[in-house]
Amino acid sequence: MYKLKNLMTAALFAALGSMATADSWTLNADASRIAFGSVKKDTVGEVHSFEGLSGTVGADGAAEIEIDLSSVETLIDIRNERMVEHVFKNAPKAMLNAQIDMAEVSALAVGASTVVDATGNVELAGNVLELDAELFVLRVSESQVLVSTNDMIMLSIADMGLTAGIDKLMELAKLPSITRVSPVTLRLVFDMDEKKAEAAPAAATTEVALAGDPTAGKKVFRKCKACHSLKEGKNGAGPSLHGIMGAAVAQADGFRYSKAMADSGVTWTAETLAGYLADPKGYMPGNKMAFRGLRKGADIENVIAYLAEES
Ligand code: HEC
C-alpha cells in the first residue's frame, strides 16, 4: 500500500506540473493572412498577399511566423514570378519573430480584446529589420486567439534591402515609379495546442486507482451526485459518468459539453482525473463544470477508486 501511495503522489505532482506550464499556440493557416500594398505610377494602388503561412507561439511568448515567399499572390502570374526572382531573390521564406506578453493574452476572457506593443523583427534574404507594432488581440474562444495589426505597419523598401529588386521590377514593367514604402497588415489566428494529458500506462492506472478506498470514495461522490449519475445515459447538470475510467473525454450520449472539454483530447485515467478533480478550472481552462475541486488528496484518491470500481 505504501508504494501505491507514492505512485499516487507522483501522479498528482505530474498533473500539477502540467497545469503550471503555460499554453503554446499554433498558427491556423486557413484563417490567417498577411497582405501588403503597393502603388505604381503614383496612382494605381494594389493589394498583394501571402498564402503560405505557418508558425507558433511558445509558452514563453516567443512568436515565430514563417512566410513562404513563393506563395506571394499579386493576381498576375508574371508579376508573382518577377517578385520571387528579383525582389525576394528566390529566398524560400521570410521569418517574422516577435515577443508577445502571454500573461496578458492568457488573462483575456473569451470575447475580450486588448492592444499590446510587440517588438520583433522580420528576416528576408539575409536582411534583418527591427520592428515595433501595436497588435490588436482578441480572445475568440478558450482555445483560439486572433492577433491583427492595430493600424498598418509601414515597411521601408530601402530598410528591407529590396531597393535593387524594385528598381528591376520598374525596368521590366516599364513603370515610371513603384512604392518605396509598403503598408502591411496581418491577421493571425492561433489555436491553443492540446494539453499533453497523456494516458498513464494501464497497469499504473489500476494500481493508483486501487490505492484509494472505494467505500470512502462513495461518500466523496455525494459531492458529485448533484450533477452526475453513474447510470448509463442519465445526464443531469453534468454528464453521466458511466464507464468513465479509461474512457475518452466527452463521450456521454446527449450531453452538451463545452468546446473546451470536447476538444481537450483527454483520456480519463487515475492520473488525468486526479489533475482535473484537484482543480477543474486550472486543469482544463474554459470547461463548465461548476465545481471548485477536491482539496484533500485522500478524497481524490478515494473517489477515483470508487469510480474505477463502478465503471
Ligand atoms: C455543479 C455540478 C457538478 C458537480 C458538483 C461536479 N461536476 Fe463534474 N461535470 C459537470 C459538468 C457540467 C461537466 C461537463 C463540463 C463541460 O462540458 O465543460 C462535468 C464533467 C465531468 C467529467 C468529465 C466527463 C466526461 O464525459 O468526459 C468528470 C470526470 C467529472 N465531471 C467528474 C466529477 C466528479 C468526480 C465530481 C465530484 C467530485 C464532479 N464531477 C462534480 C458538473 C459537475
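Reading guide: rules and limits
- Each chain carries its own residue numbering, running from 1 in the written order of its sequence.
- Owing to the predicted nature of the model, reporting of local features is limited to residues with pLDDT of at least 70; listing and counting of side-chain atom pairs is limited to 80 or more, with chain, interface and lining totals taken over all residues.
- As a rule here, side-chain values come from all non-hydrogen atoms in the structure, and water together with hydrogens is ignored.
- Counted as donors are N, O and S atoms no farther than 2.8 Å from the metal, or 3.2 Å for Na, K and Ca; water is not among the atoms, and sites may therefore look incomplete.
- Angular criteria define each label, namely tetrahedral for four donors with all angles between 85 and 135 degrees, square planar for four and octahedral for six donors with opposite donors over 155 degrees apart and remaining angles between 65 and 115, and irregular for whatever fails these tests.
- Helix and strand definitions here come from DSSP, where helices need a minimum of 4 consecutive H or I residues and strands a minimum of 2 consecutive E residues; each element is numbered from the N-terminal end.
- Exposure categories follow from relative accessible area, calculated using a 1.4 Å probe and restricted to protein chains: below 20% of the type maximum is buried, above 50% is exposed, and the middle band is partly exposed.
- To define axes, lines are fitted to C-alpha atoms, for helices over the stretch in contact only, and angles between the resulting N-to-C directions are given on a 0 to 180 degree scale.
- What sets the label is the angle itself: under 35 degrees gives roughly parallel, over 145 gives roughly antiparallel, 65 to 115 gives roughly perpendicular, and the rest give oblique.
- Crossings are assigned a handedness: left-handed for a near helix turned anticlockwise from the far helix by less than a right angle, right-handed for a clockwise turn.
- Any two residues having at least one pair of non-hydrogen atoms within 4.5 Å are treated as being in contact.
- Side-chain classes follow a simple rule in which Ala, Val, Leu, Ile, Met, Phe, Trp, Tyr, Cys and Pro form the nonpolar group, Asp, Glu, Lys and Arg form the charged group, and the remainder, Gly included, forms the polar group.
- Pairs were defined over the aromatic rings of Phe, Tyr and Trp, the Trp ring being its six-membered one, requiring ring centres within 6.5 Å. Orientation was assigned from the angle between planes: stacked under 30 degrees, edge-to-face over 60, tilted for the rest.
- Definition used in this section: a nonpolar core is a set of buried Ala, Val, Leu, Ile, Met, Phe, Trp, Tyr and Cys residues joined via side-chain atoms within 4.5 Å.

Draft legend 1. Fine view of the coordination of the iron atom of the ligand. Taken together, His228 (NE2) and Met289 (SD) make up the full set of protein donors to the iron atom of the ligand, lying 2.0 to 2.1 Å away. Coordination at the iron atom of the ligand is octahedral, judged from the six donor atoms that bind it and the angles of 86 to 177 degrees they form at the metal. With histidine 228 in the loop between helix H7 (222-225) and helix H8 (259-262) and methionine 289 in the loop between helix H10 (280-283) and helix H11 (297-310), the pair connects residues that are 61 residues apart, well separated along the chain. Across the pair, methionine 289 and histidine 228 agree in class, each one buried.

Draft legend 2. Focus on the packing of helix H2 (residues 77-87) against helix H4 (residues 163-172). Two elements in contact, H2 and H4, have axes whose closest approach is 9 Å; the angle formed by their N-to-C orientations is 140 degrees. When the axis of H2 is compared with that of H4, the two are oblique. The interaxial crossing formed by H2 with H4 has right-handed handedness. Each of Arg82, Met83, His86 and Val87 in H2 lies in contact with H4, whose residues at this interface are Gly165, Ile166, Lys168, Leu169 and Leu172. Split by residue class, the contact of H2 with H4 holds five nonpolar, two polar and two charged.

Draft legend 3. Spotlight on the packing of aromatic side chains. Evaluation of the coordinates by the stated rule reveals six aromatic pairs. Note on phenylalanine 221 and tyrosine 306: the rings are 5.5 Å apart at their centroids and 50 degrees apart in plane angle, and the pair reads as tilted. Here tyrosine 306 lies in helix H11 and phenylalanine 221 lies in the loop between helix H6 (214-220) and H7, a separation of 85 residues in the sequence. Tyrosine 306 shares its class with phenylalanine 221; the two are buried.

Draft legend 4. Structural context of the nonpolar core. If you look at the biggest cluster of nonpolar residues, it comprises 49 residues, and the most contacted ones within it are Ile34, Phe50, Leu69, Phe88, Leu188 and Phe190. Not counting residues within four places of it along the chain, the set of residues in contact with leucine 69 comprises Phe50, Val84, Phe88, Ala91, Pro92, Lys93, Ala94 and Leu124. In this structure, Leu230, Ile244, Met245 and Leu277 belong to the second largest nonpolar core, which totals 28 residues.

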